[in-house]
Each structure stands twice: as structure tokens, then as C-alpha cells.
Number of protein chains: 2
Amino acid sequence: MPERRKSSTSPDLLAAALFDVAAESGLENASVREVAKRAGVSIGAVQHHFSTKDEMFAFALRTLVDRLLTRLAESSADADPHTALFQALSQLLPLDEQRTREAHVLAAFAVRAATSEPLSEIRRTTLFTIRTGISTVLIGIGTPEAETRAALLLSTVNGLALDALGSPAMYPPQYLDHALETQIRLTLHDAENPLASVGLAS
Amino acid sequence: MPERRKSSTSPDLLAAALFDVAAESGLENASVREVAKRAGVSIGAVQHHFSTKDEMFAFALRTLVDRLLTRLAESSADADPHTALFQALSQLLPLDEQRTREAHVLAAFAVRAATSEPLSEIRRTTLFTIRTGISTVLIGIGTPEAETRAALLLSTVNGLALDALGSPAMYPPQYLDHALETQIRLTLHDAENPLASVGLAS
């Protein structure tokens, strides 16, 4: 007997359904059909909001990125630079179940960006925003090579998240914490004024 | 008119066909049907070698990893540590067309490892092998925190490759070169004997 499906929904509920499907069984399984099924709505209800799968993907990625950027900005107010960077960037590491799901879906979108211009544009803007936040902190305390070290710190976090994805036992939370601490210490090496208070959100 | 397809092939040719499909249009499009089409063989010819898609994926990832590990080991003989690490790890960065295709497919497999135990096992072994090679170099020249810094250096490279995938204009080859140089310099900071000759392959 076919399930009874609702004929209307909201883009946010569909993005949440897409996120659940992608986090549990991979972005490659997040078809319009599967997302509709997970959201308990008809395929037509999905198509009412998104005329293509690409459009649905772009909306879902933007929703995820907005959530992450909000947490990044909030987490780092009024702390010393090392703590501010640690609190902000640990939002991107798989340190608990929610962040593990987010890191998985974010990495899947990053790979998909190689073959999708709309996703690529969202990712570019996201990386640029986070890199700017990091380099503002680094410049504020007189860190040498601030721009390059900011990009490296972000890539290290993205790489740690990617490496931990398929090997969680090799990269448990305590290890990821320690690795991030170490990279921040290397990043801040030779900063002129490493203890100045500079919030990432400022 | 249907194309005439060969009814036999080799696993290596199928892995090469899978790699081409994944590099050009994403791993999500590398179905048995698409791989057979690209290799110019029948679906049955693929199924003769691989009874499932997962088996085909695992063989293709192993083939790619073997190629990369061979290049990594070869590239670093008889050089100083900084040069040895740079030459080896630059094999994993999208510095030319071939490495861009490899980095794309490797990252796609890394994400897929989150939901596939056979791929996860291959990735775990690969990361462990490369990390061991790096930390051998770092330990050889008395680098503090050698194991952690080795893992960080590899994650940085994997993260740079991932970030460059969807944003090649933001991470052009010269920039990636410079970023890798900088991370290696940060990694070797405070090593006791930074100029000793220690090959990655030794």
C-alpha cells in the first residue's frame, strides 16, 4: 500500500531531509525521490520548490554553510587568539555526532563542487569568508605570512575532517583536538603579540 | 544502432575506465553500466571481474593508491628532508592535469569511505603508510611532536587538494607550491638537525 504523502512542504524541511539522507547514506543517494520520501512529501512537492536536483543541492549547501558560519562567528567572541581560533575551527571537525554528520556532508559537497559551478561558487565564498576571519586574527597579532598561514590552517582542518571521515578510530575526538591545538601553535609561531585579544567575529 | 561491445576485458582496463568516468563527471556516475560503456565492453564483461559495484570501486581505489604510493616513494630518494617531503607530497596536490584528476577521484573515494567499510580500510592503510613515511623523516632529524606533525602535514595536503578541487582559480599551482613549502617549514620548525639527508623511501 503506498504511503500517504503530503503535497506541500518548505525548502528548509527539504534541506533538512536532504542532509539526513546524505549524512546517513551518502550525497549520491540524495535524489529528488529519496529526499521526498524522507520528508514524507510527494515528488511534486519537492519540484514545486526546486526545479532541478542541482538547485536543491545548492539550497541545502547554503543552509548548511549558514549554520556553520553562524556557529564559527559566535564561538570565538572575547577570547585570546589561540582559544578563538580553536573554538571557531573545532566547529568544522567531527568531534561529536552532529559535527561528524556535518563534516561528512560538507566534504561530499566539496567533492561535488569539482563538477558543479553553483556548488563551487558557494564553496569558494565559504572558504574565502573563513580564511578572511582567520587572517584577520593573525594580522591583528602580527603573525608572519598571515594570509598563507590562514589558508593552511583552514585546509588542515578540512583535511583532518576528510581523513577522519573514513577512519574515525584513527582520528578520535581527543586526537583531533590535539592536532588542531598543534596546528594553531605552529600557525601562531613568531607572532609579535600572541596574547592580544582579537575575536574572530570582530 | 547499438555499438558493438567486446565481451572480455581486464580488471586494470576497467579500473582505468572507472577513473576516467569519475574524474570527468564524478564518482556518483561511475555505475557498472557507465564503466562498461567507457571501456567499450558489455555489462556482463564487467560483472565477470566484479560481482558488485563495491568490489569494482575497491579495486579501482587500490589501483590508484598503488600508483600514488609508488610515485611518492620514488620522488624523494637522496634529498634533504624539506625537498624530500615537498617532492613526495606534491604528488598528492592538483599541480597539473593528471594530479588534478587523481586528487578529485581520491577525495571522492575518501568521502565514500564514510559509508563503505572496504573503501575505509584501503584509505586507513594508505593514510597510515604515508604518515609513517613522513614521521620517519621527521624523527630522523629530531623534529618535536613528529607523529602529530606528520599527520598534520598529510591532512594539510589532503585539505589543500580538497579546497582546490572546487576553487582552482583560488588555489592555482604556484599558490599550492607555496602553501606546501610553508607547511613543511612550519612542520620542521625546531628540528634538531634539519639538513640531514633522510629519504622518505628509506
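The model shown is predicted, which means the values in this text are computed figures rather than measured ones.

### Considering the overall build of chain A
For step 1, the next point in the chain: When you go through chain A residue by residue, the secondary structure sums to nine helices and zero strands.
For step 2, the next point in the chain: Listing every helix and strand of chain A by position from the N terminus yields α-α-α-α-α-α-α-α-α.
For step 3, the next point in the chain: The dimensions of chain A, computed from C-alpha atoms along their principal axes, are 70 × 35 × 30 Å.
For step 4, the next point in the chain: Looking at chain A residue by residue over its 202 residues, the buried ones come to 55%.

### With respect to helix H2 (residues 32-39) of chain B
Residue and element names in this part refer to chain B.
For step 1, the next point in the chain: Of the residues making up H2, those classed as buried are Val32, Val35 and Ala36. Viewed along the axis of H2, the buried residues span an arc of 100 degrees, placing them on a single side of the element.
For step 2, the next point in the chain: With its phi angle positive at about 70 degrees, Gly40 sits one or two positions after the end of H2.

### Some remarks on the UniProt feature "DNA-binding region" (unreviewed entry) in chain A
For step 1, the next point in the chain: On the UniProt side, "DNA-binding region" (unreviewed entry) is annotated at positions that read residues 31-50 of chain A here.
For step 2, the next point in the chain: End C-alpha to end C-alpha, residues 31-50 of chain A measures 12 Å, and it is 75% helix and 0% strand.

### Considerations on unusual backbone geometry
For step 1, the next point in the chain: A positive phi angle, close to 50 degrees, is found at Glu145(A), a residue other than glycine.
For step 2, the next point in the chain: Tracing the chain through its elements places Glu145(A) in the loop between helix H7 (117-140) and helix H8 (146-165).
For step 3, the next point in the chain: One non-glycine residue, Asp190(B), lies in positive phi territory at about 70 degrees.
For step 4, the next point in the chain: Relative to the helices and strands, Asp190(B) is located in the segment after helix H9 (173-187).
For step 5, the next point in the chain: Overall, the relative accessible area of 55% leaves Asp190(B) in the exposed class.

### Examining the pattern of salt bridges
For step 1, the next point in the chain: One pass over the full model with this rule turns up 22 salt bridges over all chains.
For step 2, the next point in the chain: Notably, a salt bridge pairs Arg71(A) with Glu102(A), separated by 2.8 Å at the nearest N-O pair. In this pair, Arg71(A) is assigned in helix H4 (residues 53-75) and Glu102(A) in helix H6 (residues 97-112), connecting sequence segments 31 residues apart.
For step 3, the next point in the chain: The class for Glu102(A) is buried, based on a relative accessible area of 1%.
For step 4, the next point in the chain: Here Arg185(B) ties to Glu145(A) by a salt bridge, and the two come within 2.6 Å at their closest N and O atoms. Of the two residues, Arg185(B) sits in helix H9 while Glu145(A) sits in the loop between H7 and H8, which places them in two different chains.
For step 5, the next point in the chain: Overall, Arg185(B) belongs to the partly exposed group, its relative accessible area being 41%.
For step 6, the next point in the chain: Look at Glu145(A) and you get partly exposed, because its relative accessible area is 28%.
For step 7, the next point in the chain: By sharing partners, the salt bridges in this structure join Asp20(A), Glu24(A), Arg38(A) and Arg101(A) into a single network.

### Examining the packing of H4(A) against H7(A)
All names here are of chain A.
For step 1, the next point in the chain: Close contact between H4 and H7 brings their axes to 10 Å; oriented N to C, the two are set at 10 degrees. Between H4 and H7, the crossing angle belongs to the class labelled roughly parallel. Side by side, H4 and H7 meet where Phe57, Ala58, Leu61, Arg62, Val65, Leu69 and Leu72 of the first sit next to Leu119, Ile122, Thr126, Thr129 and Ile130 of the second.
For step 2, the next point in the chain: Each residue belonging to the contact of H4 with H7 can be placed in one class, and the counts come to nine nonpolar, two polar and one charged.

### Brief notes about the relation of the copies chain A and chain B
For step 1, the next point in the chain: You can overlay chain A on chain B at an RMSD of 0.0 Å; the transform is a turn of 180 degrees with a shift of 0.0 Å along its axis. In symmetry terms, the pair is related by a two-fold rotation axis.
For step 2, the next point in the chain: Most of the interface of chain A is mirrored in chain B, where 100% of its interface residues again form contacts.

### Things to note about the packing of H8(A) against H9(B)
For step 1, the next point in the chain: Two elements in contact, H8(A) and H9(B), have axes whose closest approach is 10 Å; the angle formed by their N-to-C orientations is 85 degrees. As far as their axial angle goes, H9(B) and H8(A) are roughly perpendicular. Residue-level inspection shows Glu147(A), Thr148(A), Arg149(A), Ala151(A), Leu152(A) and Thr156(A) of H8(A) in contact with H9(B), the latter providing Tyr175(B), His178(B), Ala179(B), Thr182(B), Gln183(B) and Leu186(B).
For step 2, the next point in the chain: Residues that form the contact of H8(A) with H9(B) fall into these classes: five nonpolar, five polar and two charged.

Calculation notes
Residues numbered from 1 in each chain as written. Chains lettered and ligands numbered in written order. Predicted model: local features only at pLDDT ≥ 70, side-chain atom pairs only at ≥ 80, totals over all residues. Heavy atoms only, no water. Helix = DSSP H or I, 4+ residues; strand = E, 2+ residues; numbered from the N terminus. Buried < 20%, exposed > 50% of the residue type's maximum accessible area, 1.4 Å probe, protein only. Arc of directions from axis to C-beta. UniProt positions renumbered as here; feature names shortened; annotations may be inferred. Salt bridge = Lys/Arg side-chain N within 4 Å of Asp/Glu carboxyl O. Axes fitted to C-alpha atoms, helices over the stretch in contact; angles between N-to-C directions. Parallel < 35°, antiparallel > 145°, perpendicular 65-115°, else oblique. Contact = heavy atoms within 4.5 Å. Nonpolar A, V, L, I, M, F, W, Y, C, P; charged D, E, K, R; others polar. Least-squares fit on C-alpha atoms with pLDDT ≥ 70 in both.

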